[in-house]
Amino acid sequence: MRAPAATAAAGCDSPWTLAIRAAADQGRPHRAIALYLSSLRSSHRPCPFALAAVLKSVPRLPAHAAIPAAASLHAHLLRLGLLSHPYPHAALAHLYSRLHPARHQLLDGAPAGAPPRYSLLVASNSRLASLLRTGDIPAARSLFDRMAVRDVVSWNTMVAGLAKASHLDRAIEMFDQMPERNAASWNALVCGFIAQGYLDRARELFDQMPVRNNVSWITMISGYAKAGEVHAAADLFERMESKDLYAWNAMIACYAQNGCAREALGIFNRMLKPHVWVLPNEKTLSSVISACSQLGDLRFGLWVETFMESVGVELDDHLLTALVDLYTKSGRMDRAFDLFRGLRTRDVVSYSAMIVGCGMHGKLNEAFGLFKEMSNAKIDPNAVTFVGLLSAYNHAGLMEEARACFASMSSKYRITPSVEHYTIMVDLLGRSGKLDEAFKLIMEMPVRPHASVWGALLLACRLHNNVELGEVVASKCFELAPEDSGYYILLGNIYAQAKEWDKVKRLRKIMAERGLSKMPGSSWVHVV
């Protein structure tokens, strides 16, 4: 006799249902709902599995849209008589646990009309997941211990919940006690190790897995990406026999997030080859646009925007924000403003992208206007916001305003300044001739200064022809970036301006001994 889920699923494998579930899995709630409504208009028989997928995607909607959508879908289930089906019932319980905890209690029991043992298990697993998601470990363990029937989903839910809550020892203990395991069991523990920074232990467990699915591979690739171990991630990716969209997305994101923009675009081009051809989604294209931004490649970015239209990818707020970032970094501020004003919801990421663009291109009034608008909307700034504001002050040469802005980061907004913020401040102080203050600021940094910070001060020493401080600063640059000839060239320019030709000759000799040379026609450019 076939299980209830299998029987129901047999009638729910239509193209409509598959498309709806794919959209939900890809994190596209608007698309999932739109497809479901289209299926109803085409007289397609409502499928409980499609409805469950739609319900699970609703929490991804903005709060003002999610609550009415949940109420409408609940009413729709009642009208169709599908609330008794275990999967929509469990999905609705999951939805209310995210949006309306009080209403979730109304759905704790088994749905009426479903096989009691089976439906009770589905409902209990849903409740278990809800308790773990809210961090109530004792209540979850109590429920698990009381469950008359448990399946591998019950055990996996507990292992994953304990691992996510940093209870790794207890998660391992439960994993060892499992009567049966599947790939999801191993993946849950691998995820836990990665989340806690135990990448070597995660890889050891991954290598021990008797059966791996694509989630297993993608989990490890994403773990390596987060740790900045790009080569290890690429090695795993190349070893995958069957690469789905999520695998390609993980590798493209790995490269884009770790500053390997050209490699990200290379992987994207590979997935579009005729013999490979995997249709990208919003996540793919967001990473690709990010890579274009890093390279300042507006031409390819424009092609991506056209490509999205041709394949019907929805231009959501996330993608619009990525395009805003691309256009601001490419100097197309008018287009960036048009896209920014077209956003349905503006958040700290989109505001910060615009403020950084204004700061980079000297649009002081626009940067401060956006910051004021952001504050009025009760959106707290982040570290990136202050990169834009400080850059704007730097371009305008507004020293006192920059000092106040820099101080407010920690005093008012509880944001610890990064190396990038210090570099901008040192550059501004240095250009204004306040070399001693800039040097003091570097020495007071809570973290070890990067070569870029010292480089900003070295540039200022050249502008103000300060040989003595220039030599001290240059020695720091040589120590931190011994193979960068730009710092030697800057010091050489300082010596030349002071007509200290013996020192120029000595520096050239050192460069030759270290295999460093100035290429004809090149120059050292400092970028803020």
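To be clear, the structure that these remarks concern was listed above.
Structural notes, computed from the coordinates. (Residues numbered from 1 in each chain as written. Predicted model: local features only at pLDDT ≥ 70, side-chain atom pairs only at ≥ 80, totals over all residues. Heavy atoms only, no water.)

**Here's the deal with the overall build of the chain**
In terms of regular secondary structure, the chain is built from 31 helices and zero strands. Seen through its C-alpha atoms, the chain measures out along the principal axes to roughly 95 × 50 × 50 Å. Buried positions account for 48% of the 528 residues belonging to the chain. Of the accessible surface of the chain, which amounts to about 26,100 Å², a share of 53% is contributed by carbon and sulfur atoms. Of the charged side chains in the chain, 57 are positive and 48 negative, and the gap between their average positions amounts to 4 Å. (Helix = DSSP H or I, 4+ residues; strand = E, 2+ residues; numbered from the N terminus. Buried < 20%, exposed > 50% of the residue type's maximum accessible area, 1.4 Å probe, protein only. Areas by Shrake-Rupley, 256 points an atom, 1.4 Å probe, with all protein chains shown as cover. Lys, Arg positive; Asp, Glu negative; His and termini not counted. Charge placed at Lys NZ, Arg CZ, Asp CG, Glu CD.)

**Considerations on unusual backbone geometry**
Even without being a glycine, Ser166 presents a positive backbone phi close to 70°. Topologically, Ser166 is positioned in the loop between helix H10 (152-164) and helix H11 (168-177). Taking relative accessible area as the criterion, Ser166 reaches 45% and is therefore assigned partly exposed.

**Remarks on the environment of Glu468**
For Glu468, the position within the fold is in helix H29 (residues 467-480). Judged by its relative accessible area of 66%, Glu468 falls in the exposed class.

**Description of the packing of aromatic side chains**
The relative placement of two aromatic rings is captured by the distance of their centres and the angle of their planes. Using the criterion set out here, one finds 16 aromatic pairs in the structure. Here the aromatic rings of Phe340 and Tyr351 are separated by 5.1 Å at their centres, their planes lie at 75°, and the arrangement is edge-to-face. Of this pair, Phe340 sits in helix H21 (residues 333-341) while Tyr351 sits in helix H22 (residues 348-360), and the two are 11 residues apart along the sequence. For the ring pair Phe368 and Tyr393, a centre distance of 4.7 Å and an interplane angle of 40° mean the geometry is tilted. With Phe368 in helix H23 (residues 364-376) and Tyr393 in helix H24 (residues 383-396), the pair connects residues that are 25 residues apart, well separated along the chain. According to the relative accessible area criterion, Tyr393 is buried, its value standing at 13%. Clustering of aromatic rings is evident, with ring pairs tying together Phe268, Phe300, Trp303 and Phe307. Note that Arg212 overlies the ring of Phe206, its terminal NZ or CZ placed 4.4 Å from the centroid. Sitting over the face of the ring of Phe340, Arg346 holds its NZ or CZ atom 5.1 Å from the ring centroid. (Phe/Tyr/Trp six-rings, centres within 6.5 Å; stacked < 30°, edge-to-face > 60°. Lys NZ or Arg CZ within 6 Å of the ring centre and 35° of its normal.)

**A closer look at the nonpolar core**
Counting 147 residues, the largest nonpolar core has Met220, Met251, Phe268 and Leu457 as its most contacted members. If we skip the residues at most four places from it in the chain, Phe268 touches Ile252, Pro280, Thr284, Leu285, Val288, Phe300, Trp303 and Phe307. Within the second largest apolar cluster, 27 residues are counted, among which are Tyr36, Ala52, Ala70 and Leu77. (Core = buried A, V, L, I, M, F, W, Y, C linked by side-chain atoms within 4.5 Å. Contact = heavy atoms within 4.5 Å.)

**Some remarks on the packing of helix H4 (residues 48-57) against helix H5 (residues 63-80)**
Viewed as axis vectors pointing N to C, H4 and H5 meet at an angle of 165°, and their least axial separation amounts to 11 Å. Taken together, the axis directions place H4 and H5 in an arrangement best described as roughly antiparallel. The way H4 lies across H5 gives a crossing that is left-handed. Contacts from Leu51, Val54 and Leu55 of H4 reach H5 at Leu73, His76, Leu77 and Leu80. Of the residues belonging to the contact of H4 with H5, the class tally is six nonpolar, one polar and no charged. (Axes fitted to C-alpha atoms, helices over the stretch in contact; angles between N-to-C directions. Parallel < 35°, antiparallel > 145°, perpendicular 65-115°, else oblique. Left-handed = near helix turned anticlockwise from the far one by under 90°. Nonpolar A, V, L, I, M, F, W, Y, C, P; charged D, E, K, R; others polar.)

**Examining helix H30 (residues 485-497)**
Under the 1.5 Å per step criterion, the end-to-end length of H30 is 18 Å for 13 residues, consistent within 8% with the ideal 18 Å. Among the 13 residues of H30, 10 are classified as buried, and the element is accordingly described as predominantly covered. Within H30, burial applies to Ser485, Gly486, Tyr487, Tyr488, Ile489, Leu490, Leu491, Gly492, Ile494 and Tyr495. Here the buried face of H30 lies against helix H28 (451-463), H29 and helix H31 (501-513). One or two residues past the end of H30 sits Lys499, with phi positive at roughly 60°. (Expected span 1.5 Å × (residues − 1).)

**Description of the side chain of Thr328**
Counting through the fold element by element, Thr328 comes out in helix H20 (residues 317-329). In contact with Thr328, other than residues within four places in its own chain, are Met333, Ala336, Ala353, Met354, Gly357 and His361.

**Details of the environment of Gly266**
Topologically, Gly266 is positioned in helix H17 (residues 261-271). Among the residues examined, Gly266 registers a relative accessible area of 31% and is labelled partly exposed. Taking C-alpha positions, Gly266 is 9.9 Å from Val288, a pair spaced 22 residues apart along the chain.

**Re helix H26 (residues 419-431)**
Here H26 is 13 residues long and its end C-alpha atoms lie 18 Å apart, about the 18 Å a rise of 1.5 Å per residue gives. For H26, the buried fraction is high: 11 of the 13 residues fall into the buried class. Listed as buried for H26 are Val419, His421, Tyr422, Thr423, Ile424, Met425, Val426, Asp427, Leu428, Leu429 and Gly430. Tucked into the core, H26 has its buried residues touching H24, helix H25 (399-411), helix H27 (435-443) and H28. Positive phi appears at Gly433, one or two residues downstream of H26, with a value of about 85°.

**A look at a positive patch on the surface**
The grouping of Arg60, Arg98, Arg133 and Lys164 at the surface amounts to a positive patch. Here Arg98 is to be found in helix H6 (residues 86-99). The exposure class assigned to Arg98 is partly exposed, which follows from its relative accessible area of 45%. (Patch = residues over 30% accessible without salt bridge, like charges linked within 9 Å, V, L, I, M, F, W, Y side chains within 5 Å. Salt bridge = Lys/Arg side-chain N within 4 Å of Asp/Glu carboxyl O.)

**Notes on the pattern of salt bridges**
In total, this model carries 12 salt bridges according to the counting rule given. Where salt bridges share partners, they join Glu400, Arg403 and Glu437 into one cluster.

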